[in-house]
Amino acid sequence: MVETGHFALVLAFAMALVQSVVPITGARTGDERLMAVGAPAAIACFLLTALSFAALVTAYVQSDFSVVNVWENSHSLQPLIYKITGTWGNHEGSMLLWVLILTLFGSLVALFGRNLPPSLKATVLSVQGWIGAAFFLFILTTSNPFTRLIPAPIEGRELNPILQDMGLAVHPPLLYLGYVGFSISFSFAVAALIEGRIDAAWARWVRPWTLLAWLCLTGGISMGSYWAYYELGWGGFWFWDPVENASFMPWLAGTALLHSALVMEKRSALKIWTILLAILTFSFSLLGTFLVRSGVLTSVHAFATDPSRGIFILCILTLFIGGSFALFALRSNALVSGGLFHPISREGALVLNNLFLTTAAATVLVGTLYPLAVEALSKDRISVGAPFFELTFVPLMVPLLLAVPFGPMLAWKRGDLYAAGQRLFAAFACALLIGICVLLFVDRTAVLAACGIGLAAWLLLGALTDLVLRSGIGSVPAYVAWRRLVGLPRSVFGTALAHMGLGLTLLGIVSVTTFQGEKIVALNPGENLTVSGYVLHFEGMKAGQGPNFTESRGVFDIMSSGGASLGKIVSSKRFFPARQTPTTEAGIRTFGLSQLYVSLGDPDASGAMVVRAWWKPLVLLIWLGGVVMMLGAATSLFDRRLRVGAPSRRRKAASKLAESPS
Amino acid sequence: MRQALQAICLAAALVLSVGVVPALAVRPDEMLSNPALEARARVLSRELRCLVCQNESIDDSNADLAHDLRVLVRDRIKRGDTDQQALAYIVARYGEFVLLKPRFDLRNAALWGTPIVLLLAGGLFMLFGARRRAASPPLSSEEKKELDTILSGRD
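Residues numbered from 1 in each chain as written. Chains lettered and ligands numbered in written order. Predicted model: local features only at pLDDT ≥ 70, side-chain atom pairs only at ≥ 80, totals over all residues. Heavy atoms only, no water.

**Some points on the overall build of chain A**
Thought 1: Check the secondary structure of chain A and you find 23 helices and nine strands.
Thought 2: The dimensions of chain A, computed from C-alpha atoms along their principal axes, are 90 × 75 × 60 Å.
Thought 3: Within the span of chain A, comprising 662 residues, buried residues form 59% of the whole.
Thought 4: Computing the positive centroid from 45 side-chain charges and the negative centroid from 33, chain A places the two 14 Å apart. (Helix = DSSP H or I, 4+ residues; strand = E, 2+ residues; numbered from the N terminus. Buried < 20%, exposed > 50% of the residue type's maximum accessible area, 1.4 Å probe, protein only. Lys, Arg positive; Asp, Glu negative; His and termini not counted. Charge placed at Lys NZ, Arg CZ, Asp CG, Glu CD.)

Structural data, given as structure tokens:
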């Protein structure tokens, strides 16, 4: 089975080469037979990669330690689910997942692209083939997951205990679906540059695929954030870590792309800019892959000690980013930009959105790479951490968030800012009132928190205002308003949901960063600690046993300040003997949208247990906001005009009708 | 992936401080009795990097070195240093690498300047582009004539 997988991977590489060369040759020479090779090649490439991936998963499930990769990352006592997820919990396996998703998207274009112009489809598939071929070669030469080990060890070294969590089952696949999903818009952009024209089919296609990739990336990032929050034991949700930034940059650029693709689809303006953003977004994905996979982040010198992988990905990076930008420079003049608009218009608002989002992405990029540049140029080492990003990123986001509710209110081509302001007056007044209430009744010193909560309320109410005005609630009879509301295009709901999700996330972030309560004390059994009005009574430590770890659990009774019992919290420290690794399992108890979070330390000199407890008000909103954004994207994805198959079906029906009288 | 890095950091910390099981970041015995000073120490701790970790502040880190630095910060504050003096003291010993917020100096000009420059350049480009588009040249006499013939032909 392992050799089958290896063989399938080599075949997939060969198939990717066919896909890279044949369809585009057909498109350039106008040979339809050659163009037709693209779709079956892409599907075959996906099936072969899937077979290869299945072989690796099988090796993991069977604990086949004669495979180096399985031996390094699995253990026979590991629960089955972690044996399976361990497949992509390491470099080689995760790269295989990467190409699996890449070929999946390629085959989806092949399957659903029947109504695309044949030469465009062939070129797109070839560009996908280039990316695929490069990464297959990378895996086969530097990161082969099927390398054997002789003699086979009896027991494996176990998956890193921190990764033994449901988070690993969800986070990387979703993240990669997002990262790699942007390859579709990239391939379309490069194909448009090669062909020298962009037609209506191009815009209709790029938006839903971008939307899908964005949906998955949003999910991947918020899931990863929640995972870090509960797993790492100090209750943070975002660290501005270079690895996180690597996923955040494509998200920012992808969000900009989503909005500019909207302008392009509706008004056929901003064509050249949309192409550039599509290239940029996938470049950020590739850069993220490079940063995470090459080890360059720890230090330029760590990268230099084992450079084979890093240099290979750097070559891929240079080839694709450099190549696509060169192509852009050469060919973008051939594209006709159309659709004039006044600066105060929906288009203008979306351009403003793009300006802020791309600047934010560039800021994150510079912040992430600056220490590397300084180290490479001057041998000095500097750090760029959370304080830098908070100082630069937040001021960039505030004006953008303030402008968000205006966008959907403005008309295309030429909008009326004053009228939009009038319509948003109620939302603005309410948001202001909420901010003032926070200041008066919650905390009189928390000016920034009041502003932040007011801003979140502004986003939420602004999005609602759009729905209210479009359906005419309050100005027409209820049943008419209901009919109008139901009849609104799904994309309107999508926009409102996505913007509301943003507001919810913001509300959660502001609330946790300003109103959280923290207590760090050393406790003996029987003692209490109080955090934000909750009393935690420490019962003591109990020993426990898991399938592949031992643990000691600290049990706490939660009481309200009045003395009423609110249940228990169990926080534990685990020890994984196979890797000799300790981990902490935070005890978390949810009250509505807020959480009590308890983490255990070591006994201090007198034998008392060090306990760190937080009250995290509205913390769940941070990730629920992400889920609402995903819902928004999904709703928008099911909008009639985006269902790519729909128009062709209608056209077929129409042609049948036309035929039937004769 | 972050978790993997975290694990590597943890492993590095473990190797460097043999046999130490990870404790919590800030420990009760480190904390200053004066809550105002302790609050200042916490704020400073968030701006200082744990040198053996991957991008973690000493406030978040479990490593022994972070513990030492936290004690050092509190020691300086207790001796009456201002925040700036305490930071300068630590930078003098551990180098600029320890600062999570790089200094505003010439070498970091490109770092701090990027957002402002990009925003201004992009904004100016947008305005300029919009002006240029709005100010499309008036019709030439031939175009006017052509327009007139089209309009009169419609009547």
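Okay, back to it.
**Considerations on the overall build of chain B**
Thought 1: Within chain B one finds six helices and zero strands.
Thought 2: Along chain B, helices (α) and strands (β) appear in the sequence α-α-α-α-α-α when read from the amino end.
Thought 3: Across the 155 residues of chain B, 41% fall into the buried class.

**Structural notes on the pairing of strand β2 (residues 528-531) of chain A**
Residue and element names in this part refer to chain A.
Thought 1: Covered by surrounding structure in β2 are Leu529 and Val531 only, the residues Asn528 and Thr530 on the alternate face being uncovered.
Thought 2: Here four bridges tie β2 to strand β3 (residues 534-545), and the two strands are oriented antiparallel to one another. Counterpart to leucine 529 in the pairing with β3 is leucine 536. (Pairing = 2+ DSSP bridges.)

**A short note on the sheet that holds β2(A)**
All names here are of chain A.
Thought 1: One open sheet accounts for five strands, arranged β2-β3-β4-β5-β6; its pairing is antiparallel. Unpaired on one side and paired on the other, β2 and β6 (581-585) mark the two borders of the sheet. Neighbour-to-neighbour, the strand axes of this sheet turn through a mean angle of 25°, independent of strand direction.
Thought 2: In the sheet, strand β5 (residues 565-576) pairs with β6 via five bridges, with the strands oriented antiparallel. If you follow phenylalanine 576 over to β6, its bridge partner there is threonine 581. (Axes fitted to C-alpha atoms, helices over the stretch in contact; angles between N-to-C directions.)

**Let's talk about the domain arrangement of chain B**
Residues and elements named next belong to chain B.
Thought 1: Each assigned domain of chain B is listed here: domain 1 (24-103) and domain 2 (107-152).
Thought 2: A separation of 51 Å is found between the C-alpha centroids of domain 1 and domain 2.
Thought 3: Contacts between the two partners involve four residues from domain 1, matched on the other side by four residues from domain 2.
Thought 4: Looking at the side of domain 1 facing domain 2, the largest losses of area belong to Glu96, Pro102 and Arg103, adding up to 87% of the total buried there.
Thought 5: Summed over the shared surface of domain 1 and domain 2, the result is one salt bridge.
Thought 6: If you look at where domain 1 meets domain 2, you find four residue pairs in polar contact (both at pLDDT 80 or more).
Thought 7: Of the residues that constitute the side of domain 1 that touches domain 2, the class distribution is one nonpolar, no polar and three charged. (Domains from an automatic or database assignment. Contact = heavy atoms within 4.5 Å. Buried area = accessible area lost by both parts, 1.4 Å probe. Salt bridge = Lys/Arg side-chain N within 4 Å of Asp/Glu carboxyl O. Polar contact = N/O pair within 3.5 Å; in protein donor to acceptor, adjacent residues only side chain to side chain. Nonpolar A, V, L, I, M, F, W, Y, C, P; charged D, E, K, R; others polar.)

**Observations regarding the packing of helix α9 (residues 200-231) of chain A against helix α22 (residues 620-637) of chain A**
Residues and elements named next belong to chain A.
Thought 1: Their axes nearest at 9 Å, the elements α9 and α22 cross at an angle of 165°. In terms of axis orientation, α9 runs roughly antiparallel to α22. Crossing hand, α9 versus α22: left-handed. For the pair α9 and α22, contact is made by Arg207, Pro208, Leu211, Leu212, Trp214, Leu215, Thr218, Gly219, Ser222, Ser225, Tyr226 and Tyr229 and by Leu620, Trp623, Gly626, Met629, Met630, Ala633, Ala634, Ser636 and Leu637, respectively. (Parallel < 35°, antiparallel > 145°, perpendicular 65-115°, else oblique. Left-handed = near helix turned anticlockwise from the far one by under 90°.)

**A word on helix α10 (residues 242-267) of chain A**
Residues and elements named next belong to chain A.
Thought 1: Given a rise of 1.5 Å per residue, 26 residues ought to cover 38 Å, and the 37 Å separating the end C-alpha atoms of α10 matches this to within 8%.
Thought 2: For α10, a buried count of 25 out of 26 residues is recorded, marking the element as mostly surrounded by other parts of the structure.
Thought 3: Its side-chain oxygen placed 2.8 Å from the backbone nitrogen of valine 243, aspartate 241 serves as the N-cap of α10.
Thought 4: Looking one or two places after α10, you find serine 268, whose phi comes out positive at around 45°. (Expected span 1.5 Å × (residues − 1).)

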